[in-house]
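Structure assessment
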Amino acid sequence: MTKFIFITGGVVSSLGKGIACASIGKILEARGFKVALVKCDPYINVDPGTMNPFQHGEVYVTDDGAETDLDLGHYERFTHARLTKNNNITTGKIYFSVISKERRGDYLGKTVQVVPHITDEIKGSIKKLSEGGHNDIVIVEIGGTVGDIESLPFLEAIRQLKQELGAMNAINIHLTLIPYIRSADEIKTKPTQHSVGKLREIGIQPEILLCRSEKSIDLDVKQKIALFCNVREGAVIEALDVKSIYEVPLMFKKDGLDDLILNCLRLKSKKGDLRSWSQDVVGVVKDPKAACRIAVVGKYITLQDAYKSIYEALIHGGISNHAKVEIVKIDSEDVKTHRVRDLFCDVDGILVPGGFGYRGIEGKINAIEFARKEGIPYFGICLGMQTAVIEFARNACGLDDANSTEFNSKTPYPVISLLEEQKNVKAKGASMRLGAYPARIASGTKAHAAYKKGLISERHRHRYEFNKDFKKALEKHGMIVSGVSPNGLLVEIVELKDHPWFVAVQFHPEFKSKPDCAHPLFREFVKAALKKQ
Ligand code: GLN
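About the criteria used
Residue positions are counted from 1 within each chain, in the order its sequence is given. Predicted model: local features are reported for residues with pLDDT of at least 70 only, side-chain atom pairs are reported and counted for 80 or more only, and whole-chain, interface and lining totals are derived from all residues. Hydrogens and water are ignored here; the side-chain numbers use all heavy atoms of the structure. When two rings of Phe, Tyr or Trp (its six-membered ring) have centres within 6.5 Å they constitute a pair, described as stacked for plane angles under 30 degrees, edge-to-face for angles over 60, and tilted for the intermediate range. Secondary structure is summarised from DSSP: a helix means a run of H or I of at least four residues, a strand means a run of E of at least two, and numbering begins at the N terminus for each. Exposure classes here rest on a 1.4 Å probe applied to the protein chains alone. A residue is buried below 20% of its type maximum, exposed above 50%, and partly exposed in between. Ring-over charges, as used throughout, are those where CZ of Arg or NZ of Lys falls within 6 Å of the ring centre and within 35 degrees of the ring normal. Put simply, a residue is near a molecule or strand once any heavy atom of it comes within 4 Å of that molecule or strand. Polar contact criterion, stated in full: a pair of N or O atoms within 3.5 Å, where within protein one must be able to donate a hydrogen and the other to accept it, and residues adjacent in sequence count only if both atoms are side-chain atoms. Here the Shrake-Rupley method, with its probe set to 1.4 Å, supplies the accessible areas, and only the displayed protein chains count as covering residues. Arc, as used here, means the arc of the directions from the helix axis to the C-beta atoms. Here, residues are in contact when the closest pair of their heavy atoms is within 4.5 Å. Strands are treated as partners if at least two bridges between them are detected by DSSP. Axis lines are fitted to C-alpha atoms, over the contacting stretch for helices. Their N-to-C directions set the angle, which ranges from 0 to 180 degrees.

Section: the packing of aromatic side chains
- The full count for this structure, using the stated rule, is 15 aromatic pairs.
- Taking 5.4 Å as the distance between ring centres and 80 degrees as the angle between the ring planes, the aromatic pair formed by Phe54 and Tyr300 counts as edge-to-face. Of this pair, Phe54 sits in helix H2 (residues 53-56) while Tyr300 is found in the loop between strand E12 (290-298) and helix H12 (308-320), placing the two residues 246 residues apart along the sequence.
- Overall, the relative accessible area of 14% leaves Tyr300 in the buried class.
- Ring centres 5.8 Å apart and planes at 80 degrees place the aromatic pair Tyr246 and Trp277 in the edge-to-face group. A residue pair is termed long-range when its members are at least 10 positions apart, and Tyr246 in the loop between strand E11 (236-240) and helix H9 (248-254) and Trp277 in helix H11 (residues 275-286) qualify at 31 residues. For the pair shown, Tyr246 and Trp277 are each scored as buried.
- Members of the aromatic cluster, each reached through a chain of ring pairs, are Phe379, Trp501, Phe522 and Phe525.
- Sitting over the face of the ring of Tyr300, Arg359 holds its NZ or CZ atom 5.9 Å from the ring centroid.
- One cation-aromatic arrangement involves Arg433 over Tyr437; the distance from NZ or CZ to the ring centre is 4.4 Å.

As structure tokens, then:
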């Protein structure tokens, strides 16, 4: 029978609940269990695909084309769980489904209510992950903070589910904050007491508390928390701040969190270890043999989370080269022609990530021109490929004012234009070219040297595309088309002849990179940056 772990957060947001869930997945996988992870987001958007990065951070795309919460990126990076649209549940999706059923007449005669109809729909979506008996343990992360009005239906749903499943088959873990008050030189337990009190008011008694703290929590404080929160003393686990998020599973393992969870769920397993994660990932992060600086040029650079998977994939590229990658964040609007040299004088590589809209585009083009002319390794991703094509058309092929029709519908040289299938699309939600598509890689190219195979699959999220009418003109001036769709019609990867490493891709390789298995293009990009030094 599949077991369930429900993870809630208390006191404040941004305690790293997603990383805690991913780390719990990791330590349980190490004990031989097959885990599934699901994120419940209480907002009313059906998915985050229509949200601005200021609201939501990165939109993480799965193989099946779901636009999801960035926590799913942590789940995929830490575990072997394969995620689909079923692994991100939102209030919007739940209501959409319930209202569609109501219109169809499924509830005929009944008043449709939050309890039981919305809560049933939530429970059904969560239980879907246990169908077929493929997963031993389903880890359910409830977004938001306990006490929020909007997360109440989710909390009520997991309360009911635990009741139905029985205490041995479902547990609650609550991630909370134990703040340190500098002036008193004390850590305080009251916010945690209140937060657990709030949970207990709605009928949820957590079995385990994960206490985020910048200071170690003494035994007497743990005893106090246990007493007031009605948990066992050994179930108060401290989650101290760590330098690298990849240390979190090791910290949990050291604290015996895996044994604690397995005991609560009455699961037996052999001992497992995280030796290779500890040596090959955390060991390298803590003791790198080399270092390089990579500039990421984007318009949401001030936000921590807007390019989350890109930053992680760069770190992975570093790990695979036993090196530390220092990320230099550059606001694309600051990249004016006269400032380019100053801004990039001490970087070893330049990356332009994905994006939408015209703001910052000219700065990205200036950065790419500099990388191309100065032989600085360049990696373009999605919009970073489109801008690389525009730059090359304008500055190497003499196609003045070349552009993407996204930014200038009247450009004389629309080197990037709307996909045929996109021309009649009006609705904005889930309407891009989304998810995994195969591509053929030409031999003898840098892409082939990285992938070491001729057929790949990568995830997409875009509306515009390389305009093949300009393929010949660009190739004549030294652009190489190294990856195409299987029918040869869509250009997926371009690179440059006579450049140490200039590769730009229409897809998002960052979504498939892992700390213990860097994406080949990130690995080779970082290698080229290290070589440039
Ligand atoms: N705005 C571009 C498009 O829609 C690029 C999208 C992206 O970078 N994800 O095609």
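Structural notes on the site of the ligand
- Close to the ligand lie Gly354, Gly355, Phe356, Cys382, Leu383, Gln386, Glu406, Arg461, His462, Arg463, Tyr464 and His508, which account for all nearby residues.
- The contact in question runs from an oxygen atom of the ligand to an N or O atom on the backbone of Gly355, over 2.9 Å.
- The contact in question runs from an oxygen atom of the ligand to an N or O atom on the backbone of Arg463, over 3.0 Å.
- When the ligand is considered free in solution it has 300 Å² of accessible area, and contact with the protein chains removes 98% of it.

Observations regarding helix H8 (residues 219-229)
- Residues of H8 that are buried: Val221, Lys222, Ile225, Ala226 and Cys229. For H8, the angular spread of buried residues about the axis comes to 140 degrees, placing them on one side. The exposed set on the far side of H8, more than 90 degrees from its buried face, consists of Leu219, Asp220 and Leu227.
- Its buried side turned inward, H8 meets strand E9 (186-187), helix H7 (190-201), strand E10 (208-213) and E11.
- Of the residues one or two after H8, Asn230 is the one with positive phi, at around 65 degrees.

Notes on the sheet that holds strand E1 (residues 3-9)
- What the seven strands build is an open sheet, ordered E5-E2-E6-E1-E7-E10-E11; its pairing is parallel. The sheet is open, and its two borders are formed by strand E5 (88-90) and E11, each paired with just one other strand. Pairs of neighbouring strands in the sheet enclose a mean axial angle of 20 degrees, with direction left out of account.
- Sheet topology places E1 next to strand E6 (residues 137-142); five bridges connect them, and they run parallel. The residue bridging Ile7 from the neighbouring strand is Glu141, located in E6.
- Its contacts with the sheet place helix H1 (residues 17-29) against E1, strand E2 (35-41), E6, strand E7 (170-177) and E10, and it is angled at close to 170 degrees to E6.
- Along the sheet, H7 makes contact with E1, E7 and E10, crossing E7 at roughly 150 degrees.

Overview of the sheet that holds strand E20 (residues 464-466)
- What the three strands build is an open sheet, ordered E16-E17-E20; its pairing is mixed. Among the strands making up the open sheet, the edge pair consists of strand E16 (403-404) and E20.
- Relative to E20, strand E17 (residues 414-418) runs antiparallel, the two sharing three bridges. By the bridge assignment for E20, Ser417 is matched with Glu465.
- Strands E16, E17 and E20 of the sheet are contacted by helix H15 (residues 383-395), whose axis makes an angle of about 150 degrees with E17.

By themselves, these observations are geometric and do not establish any function.
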